[in-house]
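Results of the structural survey
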Amino acid sequence: MSMVGSFEGFQAVSLKQEGGDHPSETDHLSTEEGDPGEDSEAMQISRQTSVTESTLYPNPYHSSYSSRKYFVTRPGTIETAMEDLKSHITKTSGETIQGFWLLTEIDHWNNEKEKIVLITDKTLFICKYDFIMLSCVQLQRIPLHAICRICLGKFSFPGMSLEKRQGEGLRIYWGSVEEQSLLSRWNPWSTEVPYATFAEHPMKDRSEKLLEICKWLFLSAFLFTLFKATFT
């Protein structure tokens, strides 16, 4: 798969705790030169039990993604979104949701966007959902019969491109890339791109519930099973 343009993400850096290479005050007292009386007194001071306590907390920079950035990790948020979208789609189209996924969409400029993907017996829905206000912001409908190709594999870029992305993803086509206009290719906000590219959501390991819906492999398996049953 090839994509144009992006911004490279920052990588987390583990910070070294200061003071690890310098002797403490008690070390200085126990090794200070002087008469035997002073040395004895210093040794007693160095053996005194500290009255302070310190607790080490997980390094917030250990992971490149912090769960605080994603409101979907709040208790009950994903369940509310599922019920909200299920009710909305049933009322507006009369269709029943058969599959629900929370994924990262990678647009044609290599920008990441949090999206909800839903499938009914007739339609693929790609939803931009506001997990703060708990409301649907944008809903894109793609008829299942319009899907013409599904690609799985590692991300790749043109040889001269400065942009790189590691990992694998899923791309779903419902139109011809050759027929895409030059304006839509170079417009970062274009909604006329005839495909969608998905990767795993970074919060997939936060809970068992998120693990079930945050992997694109489960979406691809569902689509293959659905199309096999339809065209067999």
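Residues numbered from 1 in each chain as written. Predicted model: local features only at pLDDT ≥ 70, side-chain atom pairs only at ≥ 80, totals over all residues. Heavy atoms only, no water.

1. Some thoughts on the overall build of the protein chain
Selection rule: Here a helix means four or more residues in a row that DSSP labels H or I, a strand means two or more in a row labelled E, and each is numbered from the N terminus. Under the scheme applied here, a residue whose accessible area is under 20% of the maximum for its type counts as buried, over 50% as exposed, and between as partly exposed, the area being computed with a 1.4 Å probe on protein chains only. Contact definition: two residues touch when any of their heavy atoms are within 4.5 Å.
Scanning the protein chain from N- to C-terminus turns up 6 helices and 7 strands. When the helices and strands of the protein chain are placed in sequence order, the string is α-α-α-β-β-β-β-β-β-α-β-α-α. Counting the 232 residues in the protein chain, one finds 32% classified as buried. Within the protein chain, contacts between residues at least 6 apart in sequence are counted, and of these 58% link residues at least 24 apart.

2. Let's talk about the environment of L134
Positionally, L134 belongs in the loop between β3 (123–130) and β4 (135–143). Residues L134 and D84, spaced 50 residues apart in sequence, show a C-alpha to C-alpha distance of 8.3 Å. Beyond its immediate sequence surroundings of up to four residues, L134 is in contact with T77, T80, D84 and Y129.

3. Looking at the confidence of the model for the protein chain
Do not read the fine detail of predicted coordinates wherever pLDDT is low. Rules: Each residue carries a pLDDT score, the predictor's own confidence in it, on a scale running from 0 to 100.
Here the protein chain averages 77 in pLDDT, while 70% of its residues score no lower than 70. For residues 1–34, every residue scores under 50 in pLDDT, and the model assigns this stretch 53 contacts once sequence neighbours within four places are set aside. Counted against residues more than four places away or in other chains, residues 54–65, with its pLDDT under 50, gives 13 contacts.

4. Concerning the pairing of strand β6 (residues 168–173)
Sheet faces and side chains relate simply in a regular strand, where the side chains alternate between the two faces. Stated formally: Two strands pair under a simple rule: DSSP has to find at least two bridges between them.
Where burial is concerned, most of β6 is hidden: 5 out of the 6 residues are buried. In this sheet, β6 lies alongside strand β5 (residues 149–154) in antiparallel orientation, the contact comprising 6 bridges. Within the sheet, the bridge partner assigned to K154 lies in β6 and is E168. Examined bridge by bridge, β6 and strand β7 (residues 195–199) share 4 bridges and lie antiparallel to one another. In the sheet register, R171 faces β7, and the bridge partner there is T197.

5. So, the pattern of salt bridges
Oppositely charged side chains are able to pair whenever their charged atoms sit close together. Here is the rule: We define a salt bridge as a side-chain nitrogen of Lys or Arg found within 4 Å of a carboxyl oxygen belonging to Asp or Glu.
For the structure on display, the rule yields 4 salt bridges. As a salt-bridge pair, K115 and E105 come within 2.4 Å of each other at their nearest N and O atoms. In this pair, K115 is assigned in strand β2 (residues 112–119) and E105 in strand β1 (residues 99–106), connecting sequence segments 10 residues apart. Of the charged contacts, one joins K113 and D107 as a salt bridge, the two residues approaching to 3.6 Å between their closest N and O atoms.

6. Section: the nonpolar core
The line we're drawing: Take the buried residues of types Ala, Val, Leu, Ile, Met, Phe, Trp, Tyr and Cys, join any two whose side-chain atoms come within 4.5 Å, and each joined set is a nonpolar core.
Counting 20 residues, the largest nonpolar core has L124, I147, I172 and L219 as the members making the most contacts within it. Among the elements that make up this core, the one with the highest residue count is helix α6 (residues 216–231) (5 residues). Setting aside chain neighbours within four positions, we find L124 in contact with V117, L118, I119, Q140, R141, I142, L144, I147 and I172. Membership of the second largest hydrophobic core comes to 19 residues, among which are V72, I78, L102 and L210.

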